[in-house]
Every structure is written in structure tokens, then in C-alpha cells.
Amino acid sequence: MKPDFFIIGLGQIGGSLALALRKRKMARKISGLDLAYRSEYSTILDDYIPELEVGVKKADFIVLCSPVEEIKKQIRKIGPLLNENQILFDTGSTKKEIVREMENFPDKCMVGGHPMAGTVKMGEKAWNPELFLGKPFFLCRVQSRRSSKGLKQVREIIVSL
């Protein structure tokens, strides 16, 4: 069965990820959240969910595509909400601080990531389902009891993109 995704941050990376998942038919459902709702989100999402907790509860994969400082805050909020079957990964540009935040939840499945992709464009004008094609996407193991399973599953998704 295909997984459900909840993408937080629908700029260039988050929007392009949603489009890539849809184009490659890798998701059963793609939901998202951003600072402010825009009608354009309906073109890339199955559902816009304005409440973080609701979106997290409905997803198999939670993807953080926000600025680094915001990602750290989101990890603190989301960590306690995750169940044993959910995987959280991020696309932030720096890893040390993010991974350190993830390691505060040793019983949760979290993976640090950073796609080496992007352009100078912003927002929906920058959405591109091929943005990640042929580009490196670094993944970081998090010291936790469940990291290996998550790393393998996230890697499979990234390679497919």
C-alpha cells in the first residue's frame, strides 16, 4: 500500500516534492501545511490541513521543508505526536542542529536530509516535479533505536524521485 505524506512548508522544495511524488504515483495521499494558505496548493495537494497535529496524525511520512530554525521548532512539536509506524524527515540545509533535535526523541523514527537541488525562483513558480532528478540528496542517520528502518525507507523514496 502506498503511504500518506504530510509536507510542512510548500515553497520550492516542498511543492516540488509533492509534484514529484504525484508524478511518480508514490503516494496514496499528499497533504500539506504552510504559513499561509494559497489557492495554488490545491493543484499539488489532495488536502491542505491547517492544523499541524491533525496532519501529523494522518500521515505515514512527515516531511519538514521549512527554514532550519523553524524545522527545529517543528521537531519539538511533532516528536511527541509520532507513533511507531510514522517517519519524519527534513530537507533543511544544515544538519548538525537538526539531527541533535531529532536525537531528543530516541524512540521515534527520524531522518535528517538535504537535497542539493533548487533554483533562485520562489514559491509556486519554482515548483518542478523534476527538481530532484539526478541531484544528490544527503541523508543523515539519527542516533535512535528506529533510525535504520527510517533511513532505508526514506532512501527508497529519494532514489525513486
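Our subject is the structure listed above.
Residues numbered from 1 in each chain as written. Predicted model: local features only at pLDDT ≥ 70, side-chain atom pairs only at ≥ 80, totals over all residues. Heavy atoms only, no water.

**Q** Describe the pattern of salt bridges, naming the residues involved and giving the relevant values.
**A** For the coordinates displayed, the defined rule picks out 10 salt bridges. For Asp 46, the salt bridge goes to Arg 22, with nearest N and O atoms at 3.4 Å. On the criterion of sequence distance, the pair formed by Asp 46 in the loop between strand E2 (29–33) and strand E3 (47–48) and Arg 22 in helix H1 (residues 12–23) is long-range, its members being 24 residues apart. Judged by its relative accessible area of 41%, Asp 46 is partly exposed. If you follow the salt bridges from partner to partner, you end up with Lys 23, Arg 24 and Glu 130 in one network. (Salt bridge = Lys/Arg side-chain N within 4 Å of Asp/Glu carboxyl O. Helix = DSSP H or I, 4+ residues; strand = E, 2+ residues; numbered from the N terminus. Buried < 20%, exposed > 50% of the residue type's maximum accessible area, 1.4 Å probe, protein only.)

**Q** Please set out the side chain of Ser 31 residue by residue, giving values where relevant.
**A** With respect to the element layout, Ser 31 can be found in strand E2. Setting aside residues no more than four positions away along its own chain, Ser 31 makes contact with Phe 5, Phe 6, Ile 7, Leu 45, Asp 47 and Ile 49. (Contact = heavy atoms within 4.5 Å.)

**Q** Would you mind going over unusual backbone geometry in detail, with residue names and values included?
**A** Located in the positive-phi region is Lys 25, a residue other than glycine, with phi close to 50°. Note that Lys 25 resides in the loop between H1 and E2.

**Q** Describe the environment of Leu 139, and please don't skip the residues or the numbers.
**A** The residue Leu 139 is located in strand E7 (residues 137–140) in this model. Residue classification places Leu 139 among the partly exposed residues on the basis of a relative accessible area of 25%. On a C-alpha basis, the gap between Leu 139 and Glu 70 in space is 19 Å, while along the polypeptide they are 69 residues apart. Beyond its immediate sequence surroundings of up to four residues, Leu 139 is in contact with Val 111, Gly 112, Gly 113, Leu 151, Val 154, Arg 155 and Ile 158.

**Q** Break down the packing of aromatic side chains for me, citing the residues and quoting the values.
**A** Within the structure shown, the criterion is met by 7 aromatic pairs. Ring centres 4.7 Å apart and planes at 70° place the aromatic pair Tyr 37 and Tyr 48 in the edge-to-face group. Of this pair, Tyr 37 sits in the loop between E2 and E3 while Tyr 48 sits in strand E3; the two residues are 11 residues apart in sequence, bridging distant segments of the chain. Ring geometry for Phe 61 against Phe 89: centres 6.5 Å apart, planes inclined by 80°, an arrangement best described as edge-to-face. One end of the pair, Phe 61, is in strand E4 (residues 61–64); the other, Phe 89, is in strand E5 (residues 87–90), with 28 residues separating them in the sequence. Both residues of the pair, Phe 61 and Phe 89, count as buried. (Phe/Tyr/Trp six-rings, centres within 6.5 Å; stacked < 30°, edge-to-face > 60°.)

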